[in-house]
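Residues per chain are reported as follows:
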Amino acid sequence: MTVHAAPIVLDFEDGIDRKTLRRLRDRFLLVNQQRWQRACSALTYRQQMVLELLPLVFHRNHPALPGYLDGNCPDGFSGYTPGQEVLDAARRYARSFHYRDKGTRKPDLDSLFLMGSPGTLGHSVASDLDVWLCHRQDLPASGIRCLERKAEKLSEWAGGLGVELHVFVFSAADWRAGRQRVEVTGENCGSAQHFLLLDEFYRTSIHLAGQYPLWWLIPVDREADYDHCRRQLVECRFIQARDYIDFGAVPDIPPAELPGAGIWQLYKGIDAPWKAILKLLLIECYATDRERPLLSASFKQAVHNGVISADALDPYVLLYQRLEQWLLARDGADRLELVRRSLYLKSGLPLSRAGMVGDPWRVELLRSLVEGWGWSSEDLGRLDDRQRWCAEEVMGLRRRLVAELTHSYRLLARLAREQDAQASISANDINLLGRKLYAAFQRKAGKVELINPGLVPSLAEENLSFHHRSEQGAAGDGWLLYRDLEDPSDAFWQPVIRRAGNLAELLVWCYCNGLLSRSTRLNVRAGQSVASVSELKEILDVLAGFLPVPMPPAPRQALSRAVRPLRNLLLLNVAVDPQAHLTERGLHKLSARNDSLGFSGARDNLVVTIDQITLNSWHEVSLQHYAAGDTLIQCLKNVLAQVAINPAELPDIRVMAPSRGHGQAIARRVSELFADVLRQFFAGGTGPHPLRYIIEMDQRYFLLQFNGQEPGFVALDSRAALMDALFQPQDSFLPVVPDRYALQDAPLLKAVCEASEAGNIQVFWQLQGDQGQLWVVDEYGSLWHRQLKAQQRRHLLAPLLRFLDSVIERRQLRQADNLEPVAGIRCYELVRRDGRWLADLRPELVAGMPLSGLEVQAVGVQQGDSILRFDLYCNDQEFTVQEYGDRLIPAVAHYIRSLRQSPDPYPVYLTDLHLPHDLDPQLYQRDIQTSQYLFYRAQLEDALNQHLS
């Protein structure tokens, strides 16, 4: 029942009675005492000690009391004398404590307040305690830092007693000037709100020690003239200034403050949705209904009018009544129902349960509200049995919750646009809060949606059944999730919890949302797949070591940076037999090849599907399924793209494959591949480094390289296609790095690639019998290869070295004024040593080869049709395109044949070649690569030798 006293009316025009002011102060203190008692009643005996000792530990800096740092820490509240109950609590804590009055020394502290939910319908043992510790304005900075350290130490002590304590240290003058030093943390609203927080403080605070709020004494109708009334009270000595603390008036909430404050509540709503919903709707109410007074004004007016019942003045009751009036006036019945649910669930009192634990006053107050809402016993029972809610019900509630939060976000975004630069939230804070909201609620492709943001205690199921679509006669892939299916035929009549395109997606969703526990019984109806219960358990064991569940919130430091991957889990061949085509025919391994990417004689790639699970720095979990095309290469490309953003912090990569069908070997091979590729491209924590990486897989080659920060690959169907790709011109030196299993059938090529280096033209040769092979890695890493008959090393190397000398000589003459050195020639013989082919440097061959013989030169000419033609010179004889046209090559061959004394055919070699710098009509090439010279040389030599044979 509401308890009334006589109204108190203050008339600042005709004069104020000091006794009336004291009576008004005492009325607020009476309400304060009720709230204090209620706050204590909600705590355990040990937790009550925190509230009892808080005023004393700041009033007396005593070494026997908790939080003590040193003898110089500021202490003492103005006008405070601890009562006997407080002193008894202190002696129970420390028998050595004895209280002594320090006399007339100027106190360092003004006031101590408890604010928020303590002493209200929304308070419980699990609620935290927010305390305002206000020091005198002229306290030195060293004293303030000492108080802050003491507050931290007290929070640690309270934590040991099961109380989450947050002490905010500042002065009233700093508060009025907006100079409080705060940033967005777990319990701070940062720059987001000032007047909204003051509004909440005035209607929820419990005075613990020191000066009383001056705001109590200013009538609601004089709030706009607050400063004048304050001066009149103090200057006319109706009150003693030392007895009151002034945080200022709250005549209205500035529109510029609402967007930041609302975004802050959205931030809180991720982890505590019920309280956040109530506060978000209050912010919307304040923004759209500016005719009604603020809740703090309603609270103060009620006390001035004589309402002194803690029930009637309960902050949550006042909040609900305001939202109810506002929503009913706006036809918001559905939203009002969500408000009622939020208030009921925030209170944490299951009214339908007999013998429930809770303060009697809270139970009766909540019951009186519920009776007015018209809820049935079934409605209450359903809300109270949330631990039995299934995933579908939670998803429905979450949709309503996210819809409300989304509505609030859109409203706040509109308000922020309207306020523009006036919005009172810093850019840093709004970015931080926005990122957490994005991480929690934003939908995007592949992201695993967390359906239970604190809505119910648990979603764990006793039985879960995973059914492949083919079990029900449906075509294609896809999986269905059921509960409690003893008979598989019941699936036709039972509701589906969730559908997914693949088994891993369904399993990860269940795991991240807590449907799976160690006691959950699993059933698999595999259909056309090869999934099994043992496979699911293998995957769950790996997930348990990969992802913490429930997922802790991302730390502030992570949210303040761009998102990056922390770790990846690659699940290979889930519910798939990679050798199904062989198993059906009863075939097994056909050769000694054990590379999982080129297995057996058929060179089978045993990686059929990949499910990439990624945990990023904002603690989002995503899954990407690769099942079509070159799955492994696509996955590798995407991982490289992730890493390229921040190569200094490589993500952890784990690989798992079901144990059947060479699973461990497949996982080990893929793990080695990813480690090798990342090491090559990002060695030293930098990159991506310029190189071309060769992967051989499934009888094909893949050439992987970066274009700036973007990774890409080229698929090549044959060795010839690979050689053609490696030969292409480059803009800078680009080494070729073969994978550890690549080019096993081409060991000479692999040795050439491994020996390539920047800064030189490298010539590699190998001669077996009358068959010789030549490789040239030019100054930019382009690789040229030639196979030809040769009886001696001299016959194999001399023509090539003579030609390269001519190219280098021309390059040196053209770049005479360039200080950069011109690439020289290094010669290597490919030899087999200790079971492998190696490149053995032979420096003596470069200078020791004779350069005699027929001089055959070619000069390239462009004739306007984009076709490159050549004029040829044999010794002093000239053969031009203008003169000979299409008969040029036969004419030169005839001339060469006429010079020979032996009728036996033998090859001719170009000794020099000049190429125009506009080989590409759209590009001027100042420096033509050596490989391009070799390409045209080979074309001309082949044409000439064809006519000479």
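Rules used throughout
- Residues numbered from 1 in each chain as written.
- Predicted model: local features only at pLDDT ≥ 70, side-chain atom pairs only at ≥ 80, totals over all residues.
- Heavy atoms only, no water.
- Pairing = 2+ DSSP bridges.
- Helix = DSSP H or I, 4+ residues; strand = E, 2+ residues; numbered from the N terminus.
- Axes fitted to C-alpha atoms, helices over the stretch in contact; angles between N-to-C directions.
- Contact = heavy atoms within 4.5 Å.
- Buried < 20%, exposed > 50% of the residue type's maximum accessible area, 1.4 Å probe, protein only.
- Phe/Tyr/Trp six-rings, centres within 6.5 Å; stacked < 30°, edge-to-face > 60°.
- Lys NZ or Arg CZ within 6 Å of the ring centre and 35° of its normal.
- Core = buried A, V, L, I, M, F, W, Y, C linked by side-chain atoms within 4.5 Å.
- Parallel < 35°, antiparallel > 145°, perpendicular 65-115°, else oblique.
- Left-handed = near helix turned anticlockwise from the far one by under 90°.
- Nonpolar A, V, L, I, M, F, W, Y, C, P; charged D, E, K, R; others polar.
- Domains from an automatic or database assignment.
- Salt bridge = Lys/Arg side-chain N within 4 Å of Asp/Glu carboxyl O.
- Lys, Arg positive; Asp, Glu negative; His and termini not counted.
- Disulfide = S-S within 2.5 Å.

- An unreviewed UniProt entry lists the chain under the name Adenylate cyclase, from Marinobacter nauticus.

### Brief notes about the sheet that holds strand β20 (residues 771–777)
Right, so step 1: In space, the five strands of this open sheet follow the order β21-β20-β19-β22-β23, with mixed pairing throughout. Two strands bound the open sheet, and with one partner strand each, they are β21 (783–789) and β23 (836–841). Across the sheet, the axes of successive neighbouring strands diverge by a mean angle of 25°, strand direction being ignored.
Right, so step 2: Pairing of strand β19 (residues 760–768) with strand β22 (residues 824–833) involves six bridges; the strand directions are parallel. Of the residues in β22, the one forming a bridge with glutamine 762 is arginine 826.
Right, so step 3: The sheet strands contacting helix α24 (residues 747–755) are β19, β20, β21, β22 and β23, and the helix crosses β23 at an angle near 45°.

### A look at the pairing of strand β4 (residues 206–210)
Each regular strand carries side chains that alternate between the two faces of the sheet.
Right, so step 1: Most of β4 sits out of view: five of its five residues are buried.
Right, so step 2: For strand β1 (residues 109–115) and β4, the ladder comprises four bridges, and the chain directions are antiparallel. Within β4, the residue paired with leucine 112 across the bridge is alanine 209.

### Things to note about the packing of aromatic side chains
Right, so step 1: Across all of its chains, the model carries 29 aromatic pairs by this definition.
Right, so step 2: Measuring from ring centre to ring centre gives 6.0 Å for phenylalanine 28 and phenylalanine 299, while their planes differ by 65°; the resulting arrangement is edge-to-face. Linking phenylalanine 28 in helix α1 (residues 18–41) with phenylalanine 299 in helix α10 (residues 295–305), this pair joins segments that are 271 residues apart in sequence. Grouping residues by exposure puts phenylalanine 28 and phenylalanine 299 together as buried.
Right, so step 3: Ring centres of phenylalanine 879 and tyrosine 884 lie 5.4 Å apart, and the angle between their planes is 40°; on these two criteria the pair is classed as tilted.
Right, so step 4: An aromatic cluster is defined as three or more aromatic residues linked by ring pairs; in this entry it consists of Phe113, Trp132, Phe170, Trp175, Phe201, Tyr202, Trp215 and Phe247.
Right, so step 5: If you follow arginine 567 out to its NZ or CZ, it ends over the ring of phenylalanine 546, 5.6 Å from the centre.
Right, so step 6: The aromatic ring of phenylalanine 803 is capped on one face by arginine 937, whose charged end is 5.0 Å from the ring centroid.

### Comments concerning the nonpolar core
Right, so step 1: By size, the foremost hydrophobic cluster in this structure holds 144 residues, and its most contacted members are Trp132, Leu233, Phe247, Tyr344, Phe466, Trp509 and Ile613.
Right, so step 2: With residues up to four places along the chain from it excluded, the contact list for tryptophan 509 reads Ala391, Met395, Val448, Glu449, Ile451, Leu481, Ile497, Arg498 and Leu515.
Right, so step 3: The next biggest cluster of nonpolar side chains, apart from the first, holds 48 residues, and it includes Leu800, Cys874, Leu915 and Leu919.

### Concerning the packing of helix α2 (residues 45–59) against helix α3 (residues 84–93)
Right, so step 1: Put simply, α2 and α3 touch, their axes get as near as 9 Å, and they point 115° apart. The orientation of α2 with respect to α3, classified from their angle, is roughly perpendicular. In the crossing of α2 with α3, the sense of the turn from one axis to the other is left-handed. Side by side, α2 and α3 meet where Tyr45, Met49, Glu52, Leu53 and Leu56 of the first sit next to Val86, Ala89, Ala90, Arg92 and Tyr93 of the second.
Right, so step 2: For the contact of α2 with α3, the class distribution of residues is eight nonpolar, no polar and two charged.

### Remarks on the domain arrangement of the chain
Interface extent is often summarised as the accessible area lost during association of the parts.
Right, so step 1: With domains assigned, the chain is organised as domain 1 (18–248), domain 2 (283–441), domain 3 (460–551), domain 4 (564–741), domain 5 (746–845) and domain 6 (856–948).
Right, so step 2: Its C-alpha centre places domain 1 at a distance of 62 Å from the equivalent point of domain 4.

### Points about the pattern of salt bridges
Right, so step 1: This model, assessed by the stated rule, comprises 44 salt bridges.
Right, so step 2: One salt bridge in this structure joins aspartate 88 and arginine 91, with 3.4 Å as the shortest N-O distance. Here aspartate 88 and its partner arginine 91 are both found in helix α3, three residues apart, which amounts to about one turn of the helix.
Right, so step 3: Judged by relative accessible area, arginine 91 falls into the partly exposed class, the value being 31%.
Right, so step 4: A salt bridge links arginine 842 to glutamate 829; its shortest N-O distance comes to 2.6 Å. With arginine 842 in the loop between β23 and α26 (844–848) and glutamate 829 in strand β22, this pair connects stretches of sequence that are 13 residues apart.
Right, so step 5: Judged by relative accessible area, which is 17%, glutamate 829 ranks as buried.

### Some remarks on unusual backbone geometry
Right, so step 1: The peptide bond linking valine 549 to proline 550 adopts the cis configuration, its omega dihedral lying at 0°.
Right, so step 2: Following the sequence through the fold, proline 550 ends up in the loop between α18 (533–546) and α19 (556–559).
Right, so step 3: Geometrically, the link from glycine 687 to proline 688 is a cis peptide bond, its omega value of 5° lying close to zero.
Right, so step 4: In this fold, proline 688 is placed in the loop between α22 (663–681) and β15 (692–697).

### Thoughts on the packing of α1 against α2
Right, so step 1: Put simply, α1 and α2 touch, their axes get as near as 9 Å, and they point 145° apart. Contacts between α1 and α2 involve Trp36, Ala39 and Cys40 on the former and, on the latter, Gln48, Leu51 and Glu52.
Right, so step 2: A breakdown of the residues in the contact of α1 with α2 according to their chemical character gives four nonpolar, one polar and one charged.

### A closer look at the sheet that holds strand β3 (residues 165–170)
Right, so step 1: Pairing in this open sheet of four strands is mixed, and the strands run β3-β2-β1-β4 from one edge to the other. Since the sheet does not close on itself, it has two edges, and those belong to β3 and β4, each with one partner. Looking at each pair of strands side by side, their axes are set apart by 20° on average, direction ignored.
Right, so step 2: Across the face of the sheet, α2 comes into contact with β1, β2 (129–135), β3 and β4 while running at roughly 165° to β1.

### Topic: the side chain of lysine 750
Right, so step 1: Take lysine 750: it is sitting in helix α24.
Right, so step 2: With no salt bridge to any partner, buried lysine 750 finds its closest opposite charge in glutamate 754, at an N-O distance of 4.8 Å.
Right, so step 3: Setting aside residues no more than four positions away along its own chain, lysine 750 makes contact with Pro738, Asp739, Arg740, Tyr741, Ala742 and Leu743.

### Quick look at the state of the cysteines
Right, so step 1: What the rule picks out here adds up to zero disulfides.
Right, so step 2: Cysteine cysteine 635 shares no disulfide, and the gap to the nearest cysteine sulfur, in cysteine 512, comes to 18 Å.
Right, so step 3: Note on cysteine 635: relative accessible area 0%, which makes it buried.
Right, so step 4: Here cysteine 827 stays free of any disulfide, with the sulfur of cysteine 753 as its closest cysteine sulfur at 17 Å.
Right, so step 5: Look at cysteine 827 and you get buried, because its relative accessible area is 0%.

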